[in-house]
Amino acid sequence: MSLYDDAVLVLKGYEGQDELRQSYLDHLTAHPDGMWKACHAGHVTASALVIDPERGRVLLTLHRKLRMWLQMGGHCEPGDATMAAAALREATEESGMAGLTLLPGGPVRLDRHPIPSPCHWHYDVQYAALAPSGAVAAISDESLDLRWFPYDEVASVADESVVRLVDATRARL
């Protein structure tokens, strides 16, 4: 099965955000290359919020280009077998943590957001990843900083999309 096929199955099985979910499916139907960065009409991305439920905190990255505190994530790559694998790869690369595991149940949220030219949209499929006990984060080349934030401090540093992801993840827990 291709990553495209996996994305369609994941989206068809995702419950909630019906109108937004349908816009993802419509995009993929109209753009067979819609999984890849080269699709300038927009492309599907995968992200994961790294969470430490034992300590009531999440790990955010200060994105090098956007200069915003965000969850880990990014573009799908040809070696990604599934959307879940892409999200876990991104979370592992950007957090520097081995042993992350995705929260069961598939994606936690969908978030479609505009991006700078030449592309137009990111169709982000958002997962949550559980940090292993005692895990230490390491800053990647894509980040200016990594920092743990208590749940109640996220709204003071991140935008609404991250706050909604934290809330949805906590509800799933």
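See above for the structure.
Some points on the environment of G13
In step 1: On the secondary structure map, G13 appears in helix α1 (residues 3-13).
In step 2: C-alpha separation for the pair G13 and L49, spaced 36 residues apart in sequence, amounts to 20 Å.

Re helix α5 (residues 160-172)
In step 1: With 13 residues, α5 ought to run about 18 Å at 1.5 Å a step, and its terminal C-alpha atoms sit 18 Å apart, in line with that.
In step 2: Looking only at α5, the buried set comprises S161, V162, V163, L165, V166 and T169.
In step 3: Where α5 is buried, its residues touch β1 (43-52), β2 (57-63), β3 (69-70), β6 (109-114), β7 (121-130) and α4 (154-157).

Notes on the layout of surface pockets
One water molecule sets the probe size; rolling that probe over the atoms shows where empty space is left.
In step 1: As a volume, the largest pocket reaches approximately 940 Å³.
In step 2: In terms of lining residues, the largest pocket is bounded by 35 residues, among which H63, L66, H75, I115 and H122 are the most central.
In step 3: Of all the secondary-structure elements, those providing two or more residues to the lining of the largest pocket are β1, β2, β4 (72-75), α3 (83-95), β6 and β7.
In step 4: Residue composition of the lining of the largest pocket, grouped by class: eight nonpolar, 14 polar and 13 charged.

Describing the side chain of D145
In step 1: Within the secondary structure layout, D145 lies in strand β8 (residues 143-150).
In step 2: Taking the relative accessible area as the measure of exposure, D145 reaches 19% and is therefore buried.
In step 3: A polar side-chain atom of D145 sits 2.7 Å from a polar atom in the side chain of R147.
In step 4: Contact partners of D145, with chain neighbours within four places excluded, come to L60, T61, L62, W69 and I139.

Quick look at the pattern of salt bridges
In step 1: Counting across every chain of the model gives eight salt bridges.
In step 2: R89 is paired through a salt bridge with D80; the nearest N and O atoms lie 2.8 Å apart. The residues R89 and D80 share a single accessibility class, namely buried.
In step 3: Close ionic contact of R164 with D111 constitutes a salt bridge, the shortest N to O distance being 3.8 Å. Here the residue R164 occupies a position in helix α5, and D111 occupies one in strand β6, the gap between them amounting to 53 residues.
In step 4: Through salt bridges with shared partners, a single network forms among E77, D80, R89, E90 and E93.

Section: the packing of aromatic side chains
In step 1: Enumeration over the complete set of coordinates arrives at two aromatic pairs.
In step 2: On the numbers, 5.0 Å between centres and 75 degrees between planes, the contact of W69 with F149 is edge-to-face. Taken together, the positions of W69 in strand β3 and F149 in strand β8 put the pair 80 residues apart, joining distant regions of the chain. By the burial criterion, W69 is buried, and F149 matches it.
In step 3: Against the face of W148 rests R57, its NZ or CZ located 4.1 Å from the ring centre.
In step 4: Against the face of W121 rests R112, its NZ or CZ located 3.7 Å from the ring centre.

Examining the packing of α1 against helix α2 (residues 18-30)
In step 1: Between α1 and α2, the shortest axis-to-axis distance is 10 Å and the interhelical angle comes to 155 degrees. Taken together, the axes of α1 and α2 lie roughly antiparallel to each other. Judged by the sense of rotation from one axis to the other, the crossing of α1 with α2 is left-handed. Contact with α1, carried on its side by Y4, A7, V8, L11 and K12, involves R21, Y24, L25, L28 and T29 of α2 and no other residues of that element.
In step 2: Residues belonging to the contact of α1 with α2 are distributed by class as follows: seven nonpolar, one polar and two charged.

Cut-offs applied
Residues numbered from 1 in each chain as written. Predicted model: local features only at pLDDT ≥ 70, side-chain atom pairs only at ≥ 80, totals over all residues. Heavy atoms only, no water. Helix = DSSP H or I, 4+ residues; strand = E, 2+ residues; numbered from the N terminus. Expected span 1.5 Å × (residues − 1). Buried < 20%, exposed > 50% of the residue type's maximum accessible area, 1.4 Å probe, protein only. Contact = heavy atoms within 4.5 Å. 1 Å grid on protein atoms, 1.4 Å probe; cavity = no way out; pocket = protein on both sides within 12 Å on 5 of 7 lines; lining within 4 Å. Points joined across faces, edges and corners; volume = space filled by probe spheres on them. Nonpolar A, V, L, I, M, F, W, Y, C, P; charged D, E, K, R; others polar. Polar contact = N/O pair within 3.5 Å; in protein donor to acceptor, adjacent residues only side chain to side chain. Salt bridge = Lys/Arg side-chain N within 4 Å of Asp/Glu carboxyl O. Phe/Tyr/Trp six-rings, centres within 6.5 Å; stacked < 30°, edge-to-face > 60°. Lys NZ or Arg CZ within 6 Å of the ring centre and 35° of its normal. Axes fitted to C-alpha atoms, helices over the stretch in contact; angles between N-to-C directions. Parallel < 35°, antiparallel > 145°, perpendicular 65-115°, else oblique. Left-handed = near helix turned anticlockwise from the far one by under 90°.

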